[in-house]
Amino acid sequence: MNNDKNFQWGNLFKNWDRIKEKHLKDMFTESPNRFEKFSFSKDDLTLDFSKERIDEDILKNLIELAKSSDIEKARTAMFSGEHINNTENRAVMHVALRANAEDNYSIDGILTSTIVHDVLDSFLDFADNIRSGNIRNARGETFTDVINIGIGGSDLGPVMSVNALKAFSNNGPNLHFIANIDGNDFHDTTAMLDPARTLILIASKTFTTIETMTNAESAKQWLLSSLSQDELSLNMVALSTNLYATKEFGIKDDYVFGFWDWVGGRYSMCAAIGLPIALAIGARNFRDLLAGFRDMDIHFKEAPLNKNLPILLALIGIWRRNIMNATTLAIMPYDQRLNRFPAYVQQMDMESNGKSTTSDGNLVDMQTAPVIWGESGTNAQHSFFQLLHQGTDIVPVDFIISAKANHNLLGHHEKLISNFLAQSEALAFGKSKDTVINEMLEQGFNYSDALKLSPHRSFKGNRPSTSIIYEKMNPFSLGRLIALYEHKVFVQGVIWGINSFDQWGVELGKVAAVDIGKVIEGDGLISDLHVATQPLLRQIYKLQKK
Ligand code: F6P
């Protein structure tokens, strides 16, 4: 760490010492215009940090930390196609997937726009032709259903977006998703479907992932229960970088939509991995989604640090994680159709920044990614919000809502908005024992009961949250929202000095599963396994009466 960066960290800790006993209630009393000071907008998108435990000096200090962490240099390196994924020697160019030709992005001296747009045009054409019925199965029938088989980044973006954009998915086939190697996922998803009229998308960057390849083999057998070997190929599509393996699997060349090693799995939904989204909402809407991503990319690339939404969101996260010591971050979309958004951000953030080694191979000297979790509101209020309001840990929350609904049901959206506003208010300001006692006396309780119950019914408050508001959920605003979080994750990775674009941490378990799998399939002895694993497998065999 350079001296200036150390100095900024030191200042942040001093600032925390200065304000840590201060209550948000008092901060708002002293400065009722905190919204004006601590909210930042781009068009209809607003991020409100006024209920974070910060003041103007802290925000300035955080921006100085960003400067001293060379965020601008790192951002330029990413946008100019440098191999910033140093452990895999790869560029990180998901921004090129949603760029216009005039953005002029290149990798190793080669412009990306032609290759990107060739594949984009062809998979969007394919999507619209499936939707319109121009592309059919070998019997001349249209496709009623599509199953995307993929996991992690080859599942979460599409499943989240198809759900989020249901209002834009008329006239398309029904979309289904199989991710888990647990056969129940395959079984339940295919149970009511007609194989002949179902298009199978096998989505895998590597085309080697055990879950996806196992499900893909089962899908082939399932299709063959209704189609002949000769008819099969018109029901199977591959989305992958591994063109050799897709051919081996028997996918027709023109049913393979490729992408590139400079697109990370968790950043791949704007590449061919997005085909299920295009099948659900059509090419025009998919292009709007890309435009939303690009809008945030350009803002991230060009806006000054102190007005740059992803950078500010990242810095608030650094404040919560490293200075306030918050171990988790709850993402709460007040939008039922965004109910998979927390899971999507979970992979994006935790697989990117869940690391304890710096890019240059040293141990990190601070905490990195928090545990990301969440659920849509208002459901979450009736399950775990108790802990958020009165638990012993402070859990920062990102609340997300659109001002306008995508439905005409009377009264629903108004109540959703009221709850959204009420939760951040309650977390921030709480309720004192005195207020509780007075309220109870007014309700007719006697003083001694009111006094006895007041500790249970009072709320300390001072719990931080950020509110994110935009006009309406549509393809553009979804793209913009996702890119906001993508760039936030990138900025935090730079501040922590880690490579956000590899995922070596998932390898160990994968290799162990292969070794154990061999024993289970009869190729090896139980006694070859780890002593901790042997008794568990024996217990399973006992229950299976093997
Ligand atoms: O195991 C983790 C991971 O490699 C993720 O990074 C990725 O999104 C997922 O598996 C699926 O990989 P693939 O698209 O190659 O099947």
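Residues numbered from 1 in each chain as written. Predicted model: local features only at pLDDT ≥ 70, side-chain atom pairs only at ≥ 80, totals over all residues. Heavy atoms only, no water.

## Section: the overall build of the protein chain
Put simply, the test is: A run of H or I in DSSP becomes a helix once it reaches four residues, and a run of E becomes a strand once it reaches two; helices and strands are each numbered from the N terminus. We compute the radius of gyration from the C-alpha atoms alone; for a globule the expected value is 2.2 Å times N to the 0.38, where N is the number of residues. For every residue, the accessible area obtained with a 1.4 Å probe (protein chains only) is divided by the maximum for its type, and the residue is called buried under 20%, exposed over 50%, and partly exposed between those limits. Whether two residues are in contact is decided by their heavy atoms: any pair within 4.5 Å suffices. Residue burial considers only the protein chains on display, and all accessible areas are found by Shrake-Rupley using a 1.4 Å probe. In this tally Asp and Glu are treated as negative and Lys and Arg as positive; neither His nor the chain ends contributes. A single reference atom marks each charge: NZ on Lys, CZ on Arg, CG on Asp, CD on Glu.
Looking only at helices and strands, the protein chain has 20 helices and 13 strands in total. Radius of gyration (C-alpha) of the protein chain: 26 Å, near the 24 Å computed for a compact globule of 546 residues. Dimensions of the protein chain, computed from C-alpha atoms along their principal axes, come out at roughly 80 × 60 × 60 Å. By the burial criterion, 53% of the 546 residues in the protein chain qualify as buried. Within the protein chain, contacts between residues at least 6 apart in sequence are counted, and of these 75% link residues at least 24 apart. When the accessible surface of the protein chain is split by element, carbon and sulfur atoms take 52% of a total near 24,400 Å². The positive charge centre, built from 54 side chains, and the negative charge centre, built from 66, are 5 Å apart in the protein chain.

## Some points on the nonpolar core
When a protein is soluble and globular, its nonpolar side chains tend to lie buried together. Note the threshold: Working definition of a nonpolar core: buried Ala, Val, Leu, Ile, Met, Phe, Trp, Tyr and Cys residues. They are joined through side-chain atoms within 4.5 Å. Domain borders in the structure are assigned automatically or taken from a domain database.
Counting 147 residues, the largest nonpolar core has Trp262, Leu275, Trp319, Leu338, Phe341 and Tyr485 as the members making the most contacts within it. Considering each element in turn, this core owes the most residues, 14 residues, to helix H11 (residues 275-302). Mapping this core onto the domain boundaries places at least three of its residues in each of domain 1 (3-68 + 303-421 + 467-496) and domain 2 (94-284). When near neighbours in sequence (up to four residues on either side) are disregarded, Trp319 contacts Leu12, Asn15, Trp16, Ile19, Arg53, Ile54, Ile58, Leu62 and Met324. By size, the runner-up hydrophobic cluster in this structure holds 13 residues, among which are Ala380, Phe385, Leu388 and Leu416.

## A few points about the domain arrangement of the protein chain
Where interface size is given, it is often the accessible area lost as the parts come together that is meant. Put simply, the rule reads: Two parts placed together each lose some accessible area under a 1.4 Å probe, and adding up what both lose gives the buried area. Salt bridges are defined by distance alone: a side-chain nitrogen of Lys or Arg within 4 Å of a carboxyl oxygen of Asp or Glu. Under the rule applied, a polar contact is a pair of N or O atoms within 3.5 Å (in protein, one hydrogen donor and one hydrogen acceptor; residues adjacent in sequence only if both atoms are side-chain atoms). Classes in brief: Ala, Val, Leu, Ile, Met, Phe, Trp, Tyr, Cys and Pro nonpolar; Asp, Glu, Lys and Arg charged; the others, Gly included, polar.
Under the domain assignment used here, the protein chain contains domain 1 (3-68 + 303-421 + 467-496), domain 2 (94-284), domain 3 (430-462) and domain 4 (504-545). Opposite the six residues of domain 1 that make contact, domain 3 presents seven residues. Overall, the association of domain 1 and domain 3 removes approximately 550 Å² of surface from exposure, summing both partners, and the carbon and sulfur fraction of that is 39%. Of all residues in domain 1, the largest losses of buried area upon contact with domain 3 belong to His23, His389 and Gln390, amounting jointly to 67% of the total for that side. Here domain 1 is connected to domain 3 by zero salt bridges. Linking domain 1 to domain 3 there are seven residue pairs in polar contact (both at pLDDT 80 or more). The class makeup of the residues in the side of domain 1 that touches domain 3 is one nonpolar, three polar and two charged.

## Comments concerning the sheet that holds strand E2 (residues 45-48)
Our working rule: Strand pairing is assigned whenever DSSP detects at least two bridges linking the two strands. The convention used is that axes are lines fitted to C-alpha atoms, helices contributing only their stretch in contact, and that angles between N-to-C directions extend from 0 to 180 degrees.
The strand order across the open sheet formed by six strands is E1-E2-E13-E12-E10-E11, and the pairing between neighbours is mixed. A strand with exactly one partner marks an edge of an open sheet, and here the two such strands are strand E1 (39-42) and strand E11 (371-374). Across the sheet, the axes of successive neighbouring strands diverge by a mean angle of 15 degrees, strand direction being ignored. Of the pairings in the sheet, the one linking E2 to strand E13 (residues 465-472) comprises three bridges and is antiparallel in character. Each residue of the ladder has a partner; that of Thr46, found in E13, is Ile469. Packing against the sheet, helix H18 (residues 475-496) makes contact with E1, E2, strand E10 (328-333), strand E12 (397-404) and E13, and its axis sits at approximately 150 degrees to E13.

## A closer look at the pairing of E11
For a regular strand, side-chain orientation follows a simple rule: the groups alternate between the two sheet faces. Stated precisely, the cut-off is as follows: Throughout, right-handed denotes a crossover for which the path from the first strand over the helix to the second runs clockwise when the strands point away from the viewer.
Judged from the four bridges that link them, E10 and E11 form a sheet pairing that is parallel. Among the inter-strand pairings, Ala330 is bridged to a residue of E11, identified as Trp373. In terms of handedness, the path from E10 via helix H13 (residues 341-353) over to E11 forms a crossover that is right-handed.

## Overview of the site of the ligand
For clarity, the cut-off: Any residue with a non-hydrogen atom lying within 4 Å of a molecule or strand is treated as near it.
With respect to spatial proximity, 13 residues lie near the ligand, and among them Gly153, Ser154, Ser204, Thr206 and Thr209 are the closest. Between the ligand and Ser154 there is a distance of 2.6 Å, counted from an oxygen atom to a side-chain nitrogen or oxygen. Between the ligand and Ser204 there is a distance of 2.6 Å, counted from an oxygen atom to a side-chain nitrogen or oxygen. Protein chains bury 87% of the 400 Å² of accessible surface belonging to the ligand in isolation. Grouping the amino acids of the shell around the ligand by side-chain chemistry returns two nonpolar, eight polar and three charged.

## Here's the deal with helix H4 (residues 56-68)
Each turn of an α-helix holds 3.6 residues, which means side chains three or four residues apart point in the same direction. The test is simple: Multiplying 1.5 Å by the helix residue count minus one yields the expected span of that helix.
For H4, which comprises 13 residues, the first-to-last C-alpha distance of 18 Å matches the rise-based estimate of 18 Å (1.5 Å per residue) to within 8%. Every buried residue of H4 is accounted for by Ile58, Leu59, Asn61, Leu62, Ile63, Leu65, Ala66 and Ser68. Contacts from the buried residues of H4 go to helix H1 (3-19), helix H3 (34-38), E1, helix H5 (71-79), helix H12 (309-323) and H18. Two residues or fewer after H4 comes Asp70, characterised by a positive phi angle close to 60 degrees.

## Some details on the packing of aromatic side chains
Where two aromatic rings form a pair, the distance of their centres and the angle of their planes describe that pair. Operational definition: What counts as a ring pair is set by centres within 6.5 Å for rings of Phe, Tyr and Trp (its six-membered ring), and what kind of pair is set by the plane angle: stacked under 30 degrees, edge-to-face over 60, tilted for all other angles. Consider the ring centre and the ring normal. A charge sits over the ring if Lys NZ or Arg CZ is within 6 Å of that centre and within 35 degrees of that normal.
Per the counting criterion, the structure on display carries 21 aromatic pairs. Judged by centre distance (5.2 Å) and plane angle (75 degrees), the ring pair of Phe126 and Tyr255 falls under edge-to-face. Here Phe126, found in helix H6 (residues 113-132), pairs with Tyr255, found in the loop between helix H10 (243-249) and strand E9 (256-258); they are 129 residues apart in sequence, far enough to count as distant. On the basis of relative accessible area, Phe126 is assigned to the buried category, the value being 5%. Every member of this aromatic cluster is reached through a ring pair, and the members are Phe79, Tyr105, Tyr267, Phe300, Phe490 and Phe501. A cation sits over an aromatic face here: Arg34 above Phe28, 5.4 Å from the ring centre. Looking at Lys220, its charged tip hangs above the ring of Phe249, at a distance of 4.1 Å from the centre.

## Points about the pattern of salt bridges
Under the defined criterion, the tally for this structure stands at 25 salt bridges. Residue Lys37 is joined to Glu56 by a salt bridge in which the shortest nitrogen-to-oxygen separation is 3.7 Å. Linking Lys37 in helix H3 with Glu56 in helix H4, this pair joins segments that are 19 residues apart in sequence. Here Glu231 ties to Arg139 by a salt bridge, and the two come within 3.1 Å at their closest N and O atoms. Within this pair, whereas Glu231 is found in the loop between helix H9 (210-224) and strand E8 (236-240), its partner Arg139 is found in the loop between H6 and strand E5 (145-149), the two being separated by 92 residues in sequence. The buried category is assigned to Glu231, whose relative accessible area is 18%. Under the relative-accessibility criterion, Arg139 is labelled partly exposed at 40%. Within this structure, Lys42, Asp43 and Asp295 form a network of salt bridges that share partners.

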